[in-house]
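Chain and residue survey
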Amino acid sequence: MCILTSTDFEACGPVDELVHRYTSKLSSKDTDRREGIGVCGWILVSLSFFLVVITFPISIWACIKVVREYERAVVFRLGRILSKKAKGPGLILILPCTDTFIKVDLRTVTCNIPPQEILTKDAVTTQVDGVVYYRIHSAVSAVANVTDVHSATFLLAQTTLRNVLGTRSLAQLLAGREEIARSIQAILDSATEQWGIKVSRVEIKDVRIPVAMQRAMAAEAEAAREAKAKVVAAEGEMNASKALKQASMVLAESPAGLQLRYLQTLTTLAAENNSTIVFPLPINMLESLGQKNRGG
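Residues numbered from 1 in each chain as written. Predicted model: local features only at pLDDT ≥ 70, side-chain atom pairs only at ≥ 80, totals over all residues. Heavy atoms only, no water.

Across its 17 residues, helix α3 (residues 38-54) extends 25 Å between first and last C-alpha, which sits within 8% of the 24 Å expected from 1.5 Å per residue. Taken residue by residue, α3 has Gly-41, Val-45, Ser-48 and Val-52 as its buried positions. Summarising the axial view, the buried residues of α3 lie within an arc of 60°, below the 170-degree limit, and thus occupy one face. In this structure, α3 carries Val-39, Cys-40, Leu-47, Phe-50 and Ile-54 as exposed residues pointing more than 90 degrees from its buried face. Buried residues along α3 sit against α4 (60-63) and β2 (71-77). (Helix = DSSP H or I, 4+ residues; strand = E, 2+ residues; numbered from the N terminus. Expected span 1.5 Å × (residues − 1). Buried < 20%, exposed > 50% of the residue type's maximum accessible area, 1.4 Å probe, protein only. Arc of directions from axis to C-beta. Contact = heavy atoms within 4.5 Å.)

One finds Val-132 and Leu-165 to be the most contacted residues of the largest nonpolar core, which totals 34 residues. Mapped by element, the contributors of at least two residues to this core are β2, β6 (109-119), β7 (125-136), α5 (139-144), α6 (149-165), α7 (170-175), α8 (177-191) and β8 (197-208). Top element by residues in this core is α6. It accounts for six residues. Those residues in contact with Val-132 that lie beyond four places of it in its chain are Val-109, Thr-110, Cys-111, Ile-113, Ala-157, Leu-188, Val-199, Arg-201 and Val-202. Formed by five residues, the second largest nonpolar core is a distinct cluster that contains Ala-73, Val-75, Ile-92 and Ile-94. (Core = buried A, V, L, I, M, F, W, Y, C linked by side-chain atoms within 4.5 Å.)

We now examine the sheet that holds β8. As summarised here, the arrangement of the three strands in space is β6-β7-β8, forming an open sheet in which the pairing is antiparallel. Of all the strands in the sheet, the pair left with one neighbour each is β6 and β8. Pairs of neighbouring strands in the sheet enclose a mean axial angle of 20°, with direction left out of account. As paired strands, β6 and β7 are joined by nine bridges and run antiparallel to one another. Across the sheet, residue Asn-112 finds its bridge partner in β7, namely Val-131. Seen against the sheet, α6 touches β6, β7 and β8 and runs at an angle of roughly 35° to β6. Sheet strands touched by α8: β7 and β8. Its angle to β8, the strand with the most contacts, is close to 145°. (Pairing = 2+ DSSP bridges. Axes fitted to C-alpha atoms, helices over the stretch in contact; angles between N-to-C directions.)

Below, the discussion takes up the side chain of Arg-168. With respect to the helices, strands and loops of the structure, Arg-168 is situated in the loop between α6 and α7. Despite being buried, Arg-168 has no salt bridge partner; Glu-179 is the closest side chain of opposite charge, sitting 4.6 Å away. Apart from residues lying up to four places away in sequence, Arg-168 is in contact with Thr-120, Lys-121, Ile-180 and Ser-183. (Lys, Arg positive; Asp, Glu negative; His and termini not counted. Salt bridge = Lys/Arg side-chain N within 4 Å of Asp/Glu carboxyl O.)

To continue, consider the packing of aromatic side chains. The tally for this structure, following the rule as stated, stands at zero aromatic pairs. Over the ring of Tyr-70 we find Arg-107, and its NZ or CZ is 3.9 Å from the ring centre. (Phe/Tyr/Trp six-rings, centres within 6.5 Å; stacked < 30°, edge-to-face > 60°. Lys NZ or Arg CZ within 6 Å of the ring centre and 35° of its normal.)

On to the packing of α6 against α8, then. Contact pair α6 / α8: the axes reach a minimum separation of 10 Å and the direction vectors enclose 135°. The angle between the axes of α6 and α8 places the two elements in the oblique class. Where α6 crosses over α8, the handedness of that crossing is right-handed. Contact residues: α6 offers Leu-156, Ala-157, Thr-160, Leu-161, Val-164 and Leu-165, while α8 offers Ile-180, Ser-183, Ile-184, Ile-187, Leu-188 and Ala-191. When the residues that make up the contact of α6 with α8 are grouped by side-chain class, the tally is 10 nonpolar, two polar and no charged. (Parallel < 35°, antiparallel > 145°, perpendicular 65-115°, else oblique. Left-handed = near helix turned anticlockwise from the far one by under 90°. Nonpolar A, V, L, I, M, F, W, Y, C, P; charged D, E, K, R; others polar.)

With that out of the way, let us pick up the confidence of the model for the chain. Mean pLDDT for the chain: 78, with 76% of residues reaching 70 or above. When pLDDT is averaged over each helix and strand of the chain, the minimum, 43, is found for helix α1 (residues 6-11) and the maximum, 93, for α6. Taken together, the stretch residues 1-16 has pLDDT below 50 and engages in 16 contacts with residues farther than four places along the chain or on a different chain. Every residue in residues 25-34 scores below 50 in pLDDT, and together they form six contacts with partners more than four places removed in sequence or on other chains. (pLDDT = per-residue confidence, 0-100.)

A full pass over the atoms with the stated rule returns seven salt bridges. Of the charged contacts, one joins Glu-71 and Lys-103 as a salt bridge, the two residues approaching to 3.9 Å between their closest N and O atoms. Of this pair, Glu-71 sits in strand β2 while Lys-103 sits in strand β5 (residues 99-105); the two residues are 32 residues apart in sequence, bridging distant segments of the chain. On the accessibility criterion, Lys-103 (38% relative accessible area) is partly exposed. Notably, a salt bridge pairs Asp-206 with Arg-208, separated by 3.5 Å at the nearest N-O pair.

The following block contains the structure:
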């Protein structure tokens, strides 16, 4: 029973404040009662401690446990978590008959997601696998809030991968792997927070598509490359024609330049094909023949 003193009545003016203070006192007493182990619990703990004392030093080997640097121990005393936090690293004291403990590994765990058959947004069947890196940052939550934290995280990673990739098209899946991985990581990190899990990284390893789709994509890529090659060739021809036009204008202004170009061409032919016999003709002779033809 909660008893209010005269000081409480003097401090509280209105009736609603008085009722609120009375309710808060009742709730605090209920909380203390729930968190305590009770009289019987203290009797059992005292008997266990007395047993350790009378069997000392033999009992010390059963009471002292070693917790490694990367581990934490969640100690249960009469079924309740002791001090609401994990113990370690180092030496911890365990009372026989009343205390039990569970060791939790805090190192990063690698979770390989097997290939998942997924139907993308544009109705393409693909197989996608990935890997999830996570670690336990709260040993108490990992023990008290979920039966098997590693199995639960593994199944949740599979389901999240299927759900996220089912809302993306094949083009988005192939081009935006990093964005999809960050989205999956955010969803997993939010869902596993109450389990004491911190998801540090998610990677999509491989995307497998059907053979027919691979052939279709290869044909599309080949056609795109051929079209690009034709455009490049046409642009080259256009640039070459412009250069030839400018060269012809320059040679028309200087007849001696045309003869020098003719001699340079002969030199090039003689250097490349030694078996070829070239009979050079003077340019003036060709010009006189052209004039006679026009005069006739």
